[in-house]
Amino acid sequence: MSRATRVVRGRVLSFADDPAAAGTDALRRIDDGAVLVEGGRIAAVGEARAILDLAPADAVVDDHSGALVMPGLIDVHIHYPQTQVIASYGAQLLDWLHNYTFVEEQRFADPDHCARVAEFFLTELFRNGTTTALVYCTVYPQSADAFFAASERADARMIAGKAMLDRNAPKGLLDTVQTGYDDSKALIGRWRGRGRLDYAVTPRFAVTSSPEQLEAAGALMKEFPGVYMQSHVDENTDEIEFVRQLFPEARDYLDVYARAGLLGPRSVFGHCIHMTGDEIAAMAGTGSVAAFCPTSNLFLGSGLFDRTRLARAGVRIGLATDVGGGTSYSMLRTAAEGYKVLQLGGQSWPAAEAFYQMTLGNARALSLDHAIGSIEPGKDADLVVLDSHATPAMAHRMERVDDLEQELFVLMTLGDDRAVRQTYVAGEPKKA
Ligand code: GUN
Ligand code: ZN
């Protein structure tokens, strides 16, 4: 399929670095700017007039003047099989998993169901401005095949993996040490490096994997250097107690994963709420990533993420929705709830830092900042166009806004999918 050369015009805003470290020098802002997109990549970025001069005569021009053109948003922890679990009432983690999630995920034995939900899920991500995500599938390899196939058709940069679980879940949702290993390996062979796809070895969490299965996950990571790993840790106090009983030999929860060789710079651990000093030191020492999932942590009553404590210790941090424990697909809503969680912990989060996190920060967390996360020539043309006046309440509030930091804070606090005017995936508009 030949793709249009395109000029996306608007207020171009991107980050060259973390504003927490580099201050306002980190921002790259062009108020009447444009991005030239060719063959799915960013060919040039600059003043609109210069870019329009540079563009071929037959280029499509998308004029979003007044709106912000930013790098596509990135979600570092989300479950695609939970689109019909989101908003399930009244339970904390272990009951929520057994009463709702494990029931729903068994439907993914059916490949037709997988295909339908994968399409819905991707459409919903794009509607919310998210262009890359690190995604859990179910135990069934066909659920990962469906997700990868849909992502490839959309030419989206996605990382995903088949969940591995061999105990403490309904029988129909279990694999074995051998099938979990074999199915994951086959999926890596089928999908890794195809289009813009990559694979994450996905032992769901220590509760549902035997020590032997965690060993098998570690073996896959050794066998396929650079492959990702995703799991959950220290989300809920009952969960932590259960893990202590299951793995009495481990020093702490994270040590269960460390013993299996599952820590490292491509390992992303959801939640990381109730962490000991040893666990934090192990995260930092191995370059492992903590996924901050505020809407989920509030919804499931899990606890408050201590961002300052982890960041000071040098832990790499990403921001994530964790749908369907999380309650919104929108990274804007997620940042808004993140701000409130940090408020409860007496911590601050300036809007520029939050937008950095949703873009370049999360790209760095996924070691993908060479390809996505900022608007620079050569990077993938994954973009979101955000309108700070999208709703009456936003437009009304914007009457009192006189600088970019305030505008970004209004956008994250009041914004959601309605503020997403367009999403470009590899240069192609995805929002109807
Ligand atoms: N821990 C293990 N599985 C899950 C899940 O699906 N969601 C959340 N929030 N935590 C988990
Ligand atoms: Zn999760």
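All of these numbers come straight from a predicted model, not from anything done at the bench.

## Overview of the packing of helix α6 (residues 177-191) against helix α7 (residues 211-223)
Helix packing for two helices is described by the angle between their axes and how far apart those axes are. Remark: α6 packs on α7, axes separated minimally by 9 Å, with the N-to-C direction vectors making an angle of 20°. When the axes of α6 and α7 are compared, the pair comes out roughly parallel. Viewed along their axes, α6 and α7 form a crossing whose handedness is right-handed. Together, Val177, Gly180, Tyr181, Ser184 and Lys185 of α6 and Glu212, Gln213, Ala216 and Leu220 of α7 make up the contact between the two elements. Here the residues of the contact of α6 with α7 sort into 4 nonpolar, 3 polar and 2 charged.

## Let's talk about the site of ligand 1
Near ligand 1 the following residues occur: His79, Leu93, Leu97, Thr101, Arg204, Phe205, His232, Glu235, Ser296, Asp322 and Gly325. The biggest single contributor to the shell around ligand 1 is helix α3 (residues 93-105), with 3 residues.

## Side note on the sheet that holds strand β15 (residues 420-425)
Pairing within the open sheet is mixed, and its 7 strands lie in the order β3-β2-β1-β4-β14-β15-β16. Both outer strands of the open sheet, β3 (41-47) and β16 (428-429), are each paired with one neighbouring strand and no more. Sheet analysis places strand β4 (residues 60-71) next to strand β14 (residues 383-386), joined by 4 bridges and oriented antiparallel. If you follow valine 69 over to β14, its bridge partner there is valine 385. Against the sheet, helix α14 (residues 351-365) contacts β1 (6-15), β2 (27-38) and β4, and its axis sits at roughly 125° relative to β1.

Definitions and cut-offs
- Residues numbered from 1 in each chain as written.
- Chains lettered and ligands numbered in written order.
- Predicted model: local features only at pLDDT ≥ 70, side-chain atom pairs only at ≥ 80, totals over all residues.
- Axes fitted to C-alpha atoms, helices over the stretch in contact; angles between N-to-C directions.
- Helix = DSSP H or I, 4+ residues; strand = E, 2+ residues; numbered from the N terminus.
- Parallel < 35°, antiparallel > 145°, perpendicular 65-115°, else oblique.
- Left-handed = near helix turned anticlockwise from the far one by under 90°.
- Contact = placed C-beta atoms within 7 Å.
- Nonpolar A, V, L, I, M, F, W, Y, C, P; charged D, E, K, R; others polar.
- Near = placed C-beta within 6 Å.
- Pairing = 2+ DSSP bridges.

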